[in-house]
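The chain contents come next:
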Amino acid sequence: MNAVAALQLLIAAAFLSIPLVRARYGGRAQAAVEAELGRQGVRTTVMAENGMRLDAGGHETWAPVGIATALAVPAVLALTGNASAGTVTWIVQPLVLLVNCVILYSNLTAVPSVTAAFARSEDAELRRIDVRSMLRAAERGFPRWVMPYLQNLRHAVVFTGSAAVLVLLATR
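Right, let's walk through the structure included here. (Residues numbered from 1 in each chain as written. Predicted model: local features only at pLDDT ≥ 70, side-chain atom pairs only at ≥ 80, totals over all residues. Heavy atoms only, no water.)

### Remarks on unusual backbone geometry
And then number 1: A cis geometry characterises the amide bond from M147 onward to P148, with omega recorded as 10°.
And then number 2: Topologically, P148 is positioned in helix α8 (residues 145-170). (Helix = DSSP H or I, 4+ residues; strand = E, 2+ residues; numbered from the N terminus.)

### Let's talk about the packing of helix α5 (residues 110-119) against helix α7 (residues 131-141)
And then number 1: In the contact formed by α5 and α7, the axes pass within 9 Å of each other and the chain directions differ by 120°. By the angle between their directions, the pair α5 and α7 is classed as oblique. The interaxial crossing formed by α5 with α7 has right-handed handedness. Between α5 and α7, the residues in contact are A110, V111, V114, T115 and F118 and V131, R132, M134 and L135, respectively. (Axes fitted to C-alpha atoms, helices over the stretch in contact; angles between N-to-C directions. Parallel < 35°, antiparallel > 145°, perpendicular 65-115°, else oblique. Left-handed = near helix turned anticlockwise from the far one by under 90°. Contact = heavy atoms within 4.5 Å.)

### Focus: the packing of aromatic side chains
The description of an aromatic ring pair rests on the distance of the ring centres and on the angle between the ring planes.
And then number 1: Enumeration over the complete set of coordinates arrives at one aromatic pair.
And then number 2: Seen in terms of ring centroids, Y25 and W145 are 6.0 Å apart; in terms of plane orientation they differ by 80°. Their pairing is edge-to-face. Of this pair, Y25 sits in helix α1 (residues 2-39) while W145 sits in helix α8, and the two are 120 residues apart along the sequence.
And then number 3: Of note, R154 hangs over the ring of F15, and the distance from its end group to the ring centre comes to 5.6 Å. (Phe/Tyr/Trp six-rings, centres within 6.5 Å; stacked < 30°, edge-to-face > 60°. Lys NZ or Arg CZ within 6 Å of the ring centre and 35° of its normal.)

### Re the side chain of R154
And then number 1: Positionally, R154 belongs in helix α8.
And then number 2: One buried charge, R154, has no salt-bridge partner; the nearest side chain with opposite charge is E60, at 8.3 Å.
And then number 3: Look past the residues within four positions of R154 in its chain and what remains in contact with it is A14, F15, S17, I18, N100, I103 and N107. (Buried < 20%, exposed > 50% of the residue type's maximum accessible area, 1.4 Å probe, protein only. Lys, Arg positive; Asp, Glu negative; His and termini not counted. Salt bridge = Lys/Arg side-chain N within 4 Å of Asp/Glu carboxyl O.)

### Details of the nonpolar core
And then number 1: Counting residues in hydrophobic clusters, the biggest one holds 17 residues, and the most contacted among them are V33, L37, V46, M47, F118, I129 and M134.
And then number 2: Broken down by secondary-structure element, the contributors of at least two residues to this core are α1, α2 (46-49) and α7.
And then number 3: At five residues, the largest contribution of residues to this core is made by α1.
And then number 4: In this structure, M47 is in contact with Q30, V33, L37, M52, F118, L126, I129 and M134, ignoring residues within four places of it in sequence.
And then number 5: Counting twelve residues, the second-largest nonpolar core is a separate cluster that includes F15, I67, L71 and V157. (Core = buried A, V, L, I, M, F, W, Y, C linked by side-chain atoms within 4.5 Å.)

### Considering the packing of α1 against helix α3 (residues 59-79)
And then number 1: Put simply, α1 and α3 touch, their axes get as near as 8 Å, and they point 165° apart. The angle between α1 and α3 falls in the class roughly antiparallel. Between α1 and α3 lies a crossing whose hand is left-handed. Residues N2, A5, Q8, L9, I11, A12, F15, L16, I18, P19 and R22 of α1 pack against E60, T61, P64, V65, I67, A68, L71, A72, P74, A75, A78 and L79 of α3.

Right, dumping it as structure tokens:
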């Protein structure tokens, strides 16, 4: 069971990389987005006015921290010899896989989904934004190793680690 706990803690660390990177580089990415919006002739405050930010605030912190905590619970249970660790893992691990699928889908469909969301907005400025250029600017605000390298590494750790956890549990 210690291998399962170690994998769960590794997956938790992968999720914690999201708010850590955003806390460190999100301001730089936000500045890049605001510069791009200015270049597009859109007021640079439109994102903030609509509650959108690139730092570690909001769901960019509570969601990955919550997932990491959910993974830490069965890991700690296993490491302390609690018999319910396996049951909790059978509940948590598939949910983590499902959530990561949603995150991956969101990453892959960012341009069309953000474009559609902006098109439905009451804010005329949001509807005018060239979303592809704005998202490229946001990416450039982060170090080159973040996207796609850290992002892909995190997905690989979550998917392979979760699969390994479930296989280990099923074969014990």
